[in-house]
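# Structural description and commentary
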Amino acid sequence: MSPPAPRPALRLIKGTLDEAPGWSWFCGHCAAAPSRQLVSPLTRVCGSCGMGLLLETRSDAAPGSDDAFLVIDSRLTVQAVSRDAERLLGINEDEMVDGPVTQFLGAADAEAREPEEFLYLLHRASTGADELHSVFVRPRNAFGVRIVARIAPCGPPRAALVVLGRQAPRSGLRVVSDD
Ligand SMILES: [Zn+2]
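Residues numbered from 1 in each chain as written. Predicted model: local features only at pLDDT ≥ 70, side-chain atom pairs only at ≥ 80, totals over all residues. Heavy atoms only, no water.

## Describing the overall build of the chain
To keep things clear, this is the line we draw: Secondary structure elements follow DSSP: runs of H or I of four or more residues count as helices, runs of E of two or more count as strands, with numbering from the N terminus. Only protein chains enter the accessibility calculation, which uses a 1.4 Å probe; a residue whose area is less than 20% of its type maximum is buried, one above 50% is exposed, and one in between is partly exposed. By the convention used here, residues are in contact when the closest approach between their heavy atoms is within 4.5 Å. All accessible areas in this document rest on Shrake-Rupley with a 1.4 Å probe, and a residue is counted as covered only by the protein chains that are shown.
What the chain contains, in helices and strands, is 4 helices and 9 strands. Put simply, the chain runs from its N terminus to its C terminus through helices and strands in the order α-β-β-β-β-α-α-β-α-β-β-β-β. Counting all 179 residues of the chain, 44% fall into the buried class. A sequence separation of at least 24 residues applies to 55% of the contacts in the chain between residues at least 6 apart. A total accessible area of about 10300 Å² is found for the chain, and carbon and sulfur atoms account for 55% of it.

Below, the structure is given as structure tokens:
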């Protein structure tokens, strides 16, 4: 009697799942997460706040209702601002929309390479890259502050989602990718 054929080994292939985190909808103003069934191309206005446009992003980057976040298009101009980002930056959404992001967020350190990294990552996310990255920034009107900005793609239309985190210690990695 011949031995049974070996069973194929079942194991996760590292990276496969990481590369496909799934996508979630969120409101570009209040971060409310509508169920997928409620989102249609004709009704993209948020049912919770009635102000924001519903957008889709990587599930692991979707902001929560307490998160400060901005949506930046490929021209690097602000397209949407969450309530907490208005509070954090001390500027109303109306004053920020269609303004260059560099008017509101800058490098965490004057000598650092973050300005280029930040704008480069915004450009990548808003023009097709699906990666999630983190970089340190600061509000333009505040010095000595380091805020982690998580940058991910969102849309439609295609744009970059910037979720601002808590102030980080001065030591640490300057640019971190999730892989
Ligand atoms: Zn909303």
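## Topic: the side chain of Arg 44
Where we set the bar: Note on charges: Lys and Arg go in the positive column, Asp and Glu in the negative column, and His and the chain ends are not counted at all. By salt bridge we mean one thing: a side-chain nitrogen of Lys or Arg within 4 Å of a carboxyl oxygen of Asp or Glu.
Following the sequence through the fold, Arg 44 ends up in the loop between β1 (23-27) and β2 (54-58). Although Arg 44 is buried, it forms no salt bridge, and the closest oppositely charged side chain is Glu 56 at an N-O distance of 8.3 Å. Look past the residues within four positions of Arg 44 in its chain and what remains in contact with it is Trp 25, Val 39, Gly 52, Leu 53, Leu 54, Leu 55 and Pro 156.

## Quick notes on the confidence of the model for the chain
To keep things clear, this is the line we draw: Within a predicted model, pLDDT stands for the predictor's per-residue confidence, ranging from 0 to 100.
Averaged over every residue, the pLDDT of the chain is 82; the share at 70 or more is 77%. Across the chain, element-level confidence peaks in strand β3 (residues 68-72) with a mean pLDDT of 97 and bottoms out in strand β9 (residues 175-177) with 44. Confidence drops under a pLDDT of 50 for residues 9-17, and excluding neighbours within four residues, the segment shows 1 contact in the predicted structure. Segment residues 168-179 is flagged for pLDDT under 50; beyond a separation of four residues in sequence, or across chains, it makes 27 contacts in the model.

## Observations concerning the side chain of Asp 73
Residue position: Asp 73 is located in the loop between β3 and β4 (78-81). Not counting residues within four places of it along the chain, the set of residues in contact with Asp 73 comprises Gln 79, Ser 126 and Ala 159.

## Section: the coordination of the zinc ion
Applied cut-off: Any nitrogen, oxygen or sulfur atom within 2.8 Å of a metal ion counts as a donor, with the limit raised to 3.2 Å for Na, K and Ca, and since water is left out, coordination shells can look unfinished. Sites are called tetrahedral only when four donors show all angles between 85 and 135 degrees, square planar or octahedral only when four or six donors show opposite pairs over 155 degrees and all other angles between 65 and 115, and irregular in any remaining case.
Only Cys 27 (SG), Cys 30 (SG), Cys 46 (SG) and Cys 49 (SG) from the protein coordinate the zinc ion, and they sit 2.2 to 2.3 Å from it. Each of the 4 donor atoms around the zinc ion contributes to a set of angles spanning 104 to 114°, which defines the coordination as tetrahedral. For the zinc ion, the donor residues sit on a single chain with the sequence spacing C-x2-C-x15-C-x2-C. Of this pair, Cys 30 sits in the loop between β1 and β2 while Cys 49 sits in the loop between β1 and β2, and the two are 19 residues apart along the sequence. Judged by its relative accessible area of 6%, Cys 30 falls in the buried class.

## Some points on the packing of aromatic side chains
Test applied: We call Phe, Tyr and Trp rings a pair once their centres come within 6.5 Å, taking the six-membered ring for Trp, and we label the pair stacked below 30 degrees between planes, edge-to-face above 60, and tilted otherwise. By the criterion adopted, a ring carries a charge over it if an Arg CZ or a Lys NZ lies within 6 Å of its centre and within 35 degrees of its normal.
Evaluated as defined, the whole model comprises 1 aromatic pair. Considering the side-chain rings of Phe 26 and Phe 69, the 5.7 Å spacing of their centres and the 80° angle between planes classify their relative orientation as edge-to-face. Separated by 43 residues along the polypeptide, Phe 26 in strand β1 and Phe 69 in strand β3 bring together distant segments of the chain. When its relative accessible area of 0% is taken as the criterion, Phe 26 is described as buried. The ring of Phe 136 has Arg 146 lying over it, and the distance from NZ or CZ to the ring centre is 4.1 Å.

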